[in-house]
Amino acid sequence: VAAPVWQGGLVSGCCAALALLGLLLYRNRFALARRSAVLLMTVGVVVAVAVGAAGLNLGVHSSSLGVLPLLVCIVSVLVSVRGALWLAGGCGLLVAGLALAEHAGLLSAVPGPGGLALPWRVAAHVLLLTAGAAVGLILSRAIDRAMAQMRSREQRFAGLLAVAAD
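Predicted model, so just to flag it, every value in this text is computed and none were measured. (Residues numbered from 1 in each chain as written. Predicted model: local features only at pLDDT ≥ 70, side-chain atom pairs only at ≥ 80, totals over all residues. Heavy atoms only, no water.)

### Comments concerning the environment of methionine 41
In this fold, methionine 41 is placed in helix H2 (residues 34–55). C-alpha separation for the pair methionine 41 and leucine 21, spaced 20 residues apart in sequence, amounts to 7.4 Å. Setting aside its immediate chain neighbours within four residues, methionine 41 contacts Leu18, Leu21, Gly22 and Leu25. (Helix = DSSP H or I, 4+ residues; strand = E, 2+ residues; numbered from the N terminus. Contact = heavy atoms within 4.5 Å.)

What follows is the structure in structure tokens.
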């Protein structure tokens, strides 16, 4: 079922607003900290994905939902693991809401040829979100460990330099 023109315009408008927000954040017009800017942009992307999935009647069959686990991974590294877990939970609720709307007939999403049934699609999205959170946690820990080793080496070098200066 093709989406009406106004729905396509809604999705395009949402993407244009997201691009404008990204440009303003890049130019630092809001004087936000980097973590806050990343989080704000991530929420904007999630909203754009939700509008696209619902606005184009794609529901959980929308390929744009595949970006959500990547966002969870990015947030765990750039913002915090706690923020990533909250984002993963919110994205899970988004997928559940789309599935319920599709099941209730509010969205007329039709799977493609050989498409998976609705419960399998939801399970796949939940597994992907879980994998995104797990990979983000592993990356975050690895980066934290590398930064701690770097600080330790820097302190050791500074100590040696101080001894050499005396």
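### A look at the packing of H2 against helix H3 (residues 67–78)
Across the interface, H2 lies against H3 with an axial gap of 11 Å and an inter-helix angle of 170°. Judged by the angle between their axes, H2 and H3 are roughly antiparallel. Along its contact with H2, which presents Arg35, Val38, Leu39, Thr42, Val45, Val46 and Val49, the element H3 presents Val67, Leu68, Leu71, Val75 and Leu78. Split into classes, the residues belonging to the contact of H2 with H3 amount to 10 nonpolar, one polar and one charged. (Axes fitted to C-alpha atoms, helices over the stretch in contact; angles between N-to-C directions. Parallel < 35°, antiparallel > 145°, perpendicular 65-115°, else oblique. Nonpolar A, V, L, I, M, F, W, Y, C, P; charged D, E, K, R; others polar.)

### Some remarks on H2
An ideal rise of 1.5 Å per residue puts 32 Å on 22 residues; H2 measures up with 31 Å between its terminal C-alpha atoms. For H2, the full list of buried residues reads Ala37, Val38, Thr42, Gly44, Val46, Ala48, Val49, Ala50, Gly52, Ala53 and Gly55. The positive-phi residue at the C-terminal boundary of H2 is asparagine 57, with phi of around 60°. (Expected span 1.5 Å × (residues − 1). Buried < 20%, exposed > 50% of the residue type's maximum accessible area, 1.4 Å probe, protein only.)

### Focus on the nonpolar core
Core analysis: the largest hydrophobic core is formed by 24 residues, its most contacted members being Val46, Leu65, Leu68, Val72, Leu87, Leu94 and Leu98. Counting only elements with at least two residues in this core, the list comes to H2, H3, helix H4 (81–103) and helix H5 (118–165). With residues near it in sequence (within four places) discarded, valine 46 still touches Leu68, Leu71, Leu87, Cys91 and Leu94. (Core = buried A, V, L, I, M, F, W, Y, C linked by side-chain atoms within 4.5 Å.)

### Some thoughts on the packing of H3 against H5
It is the contact of H3 with H5, at a shortest axis distance of 8 Å, that shows an interaxial angle of 25°. Taken together, the axes of H3 and H5 lie roughly parallel to each other. Between H3 and H5 the crossing geometry is right-handed. Of H5, the residues touching H3 (which contributes Leu68, Pro69, Val72, Cys73, Ser76 and Val77) are Leu128, Leu129, Gly132, Ala133, Val135, Gly136, Leu137, Leu139, Ser140 and Ile143. (Left-handed = near helix turned anticlockwise from the far one by under 90°.)

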